[in-house]
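Each chain is listed here by its residues.
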Amino acid sequence: MSGQTAIYPWQADNWRQLCAYIQQQRIPQALLFSGAAGQGRRDLAEHYTQSLLCHTPLADSSPCGHCVGCKLFAAQTHPDFLTIEPDEPGKALGIDKIRQLIVKLALKPQYDAAYRVVIIQPADALNNASANAFLKCLEEPTERTCLLLISEQPSRLPATIRSRCQKVACATPAREVAISWLQQQGVSEQTELLLTLAQGSPLLAKHYAEHNMIQLRQQYFEAWWRIAQGKEHLLTIAELWQKQEKLDLAVVLRWMAGWVADIIKYAYRADSPAIANPDLKNALQALAERLELKRLYRFYDNVLTTKSQLNTQLNKQLMLEQLLISWSQLNRQ
Ligand SMILES: [Zn+2]
């Protein structure tokens, strides 16, 4: 977010909790922001950060936007604002990053008038060694320093870390709140479907709208459908998907898992709202009528296993080929 940070309409309760810390001048040393991605946890954490860095916050604890603290933050050059992130998405947060942090925290914050803030995201990317080292930051608090941990899977954090953090639980907004926000943002077409595809996360839905994700997903689905019909060369598709830079394979596999889950639901005669892909109903229902349930379950597991192995050293092209081969075989029965 550039310049002045802001909070989203569905974050009012979270913001009240954070404001209370500021107004009571009881800033927790560590906060754990949890909740699904795509609903603005990072923006909320940054808004709170800016308030802590601001030298003259407003009466409601919002950052003023004009002081030196706010200006440095907006320019992304504030010396008392640090971020700890993996070098690449999906990689671990190594111990070297935490060692560097410990060295930096040993010094005083540069501005006396405000706090120092460290954002660690995703906090669950800490490995055993770095989590142990990080524990030292929590056990030996440094002056006017606030550590903000952001995690989609807080249960993966060691209990020793979790127990030392105050919790900020960011819930997925109610559907009507998300829809009305999306409309205000100019997303006027297929809003419901976008939000369903984004599993209720409004920012992700907006991102999908801006990147024509519905059309892209349709293309992927059609290729998958043609493989089922034996009308597509699956090695070509695997190569094409592997090379597609616009789209992360994890997203494609999440879609695929959603298609298979819907086929299984149709096999049980389930209907909306349990269905995640209402626009593909006819095709998925047709597959439900002819595919064997037991093998569908196995294929579903297969998709999830492949997805979980994306960040390993295994060859992605090969994994994808194997997955599409088993999809093709499932359809040949
Ligand atoms: Zn300010």
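Everything quoted here is computed from the prediction, not taken from an experiment. (Residues numbered from 1 in each chain as written. Predicted model: local features only at pLDDT ≥ 70, side-chain atom pairs only at ≥ 80, totals over all residues.)

Asks: How should the overall build of the chain be read in this particular structure?
Replies: Regarding its fold elements, the chain presents 15 helices and five strands. Overall, the C-alpha framework of the chain stretches about 70 × 45 × 30 Å when taken along its three principal axes. Relative to its full complement of 333 residues, the chain shows a buried share of 33%. Across the chain, every contact between residues at least 6 apart in sequence was considered, and the portion connecting residues at least 24 apart equals 71%. (Helix = DSSP H or I, 4+ residues; strand = E, 2+ residues; numbered from the N terminus. Buried ≥ 20, exposed ≤ 12 C-beta atoms within 10 Å, placed from the backbone. Contact = placed C-beta atoms within 7 Å.)

Asks: What am I meant to see in the packing of helix α10 (residues 213–228) against helix α12 (residues 249–267) here?
Replies: Between α10 and α12, the shortest axis-to-axis distance is 11 Å and the interhelical angle comes to 60 degrees. Judged by the inter-axis angle, α10 sits oblique to α12. Considering how the two elements wind past one another, α10 and α12 form a crossing that is right-handed. Where α10 approaches α12, its residues R217, Y220, F221 and W224 are matched on the opposing element by V252, W255, M256 and W259. By residue class, the composition of the contact of α10 with α12 is seven nonpolar, no polar and one charged. (Axes fitted to C-alpha atoms, helices over the stretch in contact; angles between N-to-C directions. Parallel < 35°, antiparallel > 145°, perpendicular 65-115°, else oblique. Left-handed = near helix turned anticlockwise from the far one by under 90°. Nonpolar A, V, L, I, M, F, W, Y, C, P; charged D, E, K, R; others polar.)

Asks: Can you walk me through α12 in this structure?
Replies: For the α-helix, the turn length of 3.6 residues means that residues three or four positions removed from each other point alike. An ideal rise of 1.5 Å per residue puts 27 Å on 19 residues; α12 measures up with 27 Å between its terminal C-alpha atoms. Those residues of α12 lying buried are V252, L253, W255, M256, G258, W259, V260, D262 and I263. On its buried face, α12 sits against α10, α11 (234–243), α13 (281–290) and α14 (293–308). (Expected span 1.5 Å × (residues − 1).)

Asks: Where do I start with the sheet that holds strand β2 (residues 81–84) in this structure?
Replies: Strands pair in a sheet through their backbones, by hydrogen bonds, and they do so in one of two ways: parallel or antiparallel. Taken in spatial order, the five strands of this open sheet run β2-β3-β4-β1-β5, and their pairing is parallel. The two strands at the open ends of the sheet, each matched to only one other strand, are β2 and β5 (166–169). This sheet shows a mean twist of 20 degrees between the axes of neighbouring strands, independent of strand direction. In this sheet, strand β4 (residues 145–151) lies alongside strand β3 (residues 116–120) in parallel orientation, the contact comprising five bridges. In the sheet register, V118 faces β4, and the bridge partner there is L147. Across the sheet, helix α2 (residues 41–53) is in contact with β1 (30–34), β2, β3 and β4; its angle to β4 comes to roughly 175 degrees. In the packing of helix α4 (residues 95–105) onto the sheet, the strands contacted are β2, β3 and β4, and the crossing angle to β2 comes to about 165 degrees. (Pairing = 2+ DSSP bridges.)

By themselves, these observations are geometric and do not establish any function.
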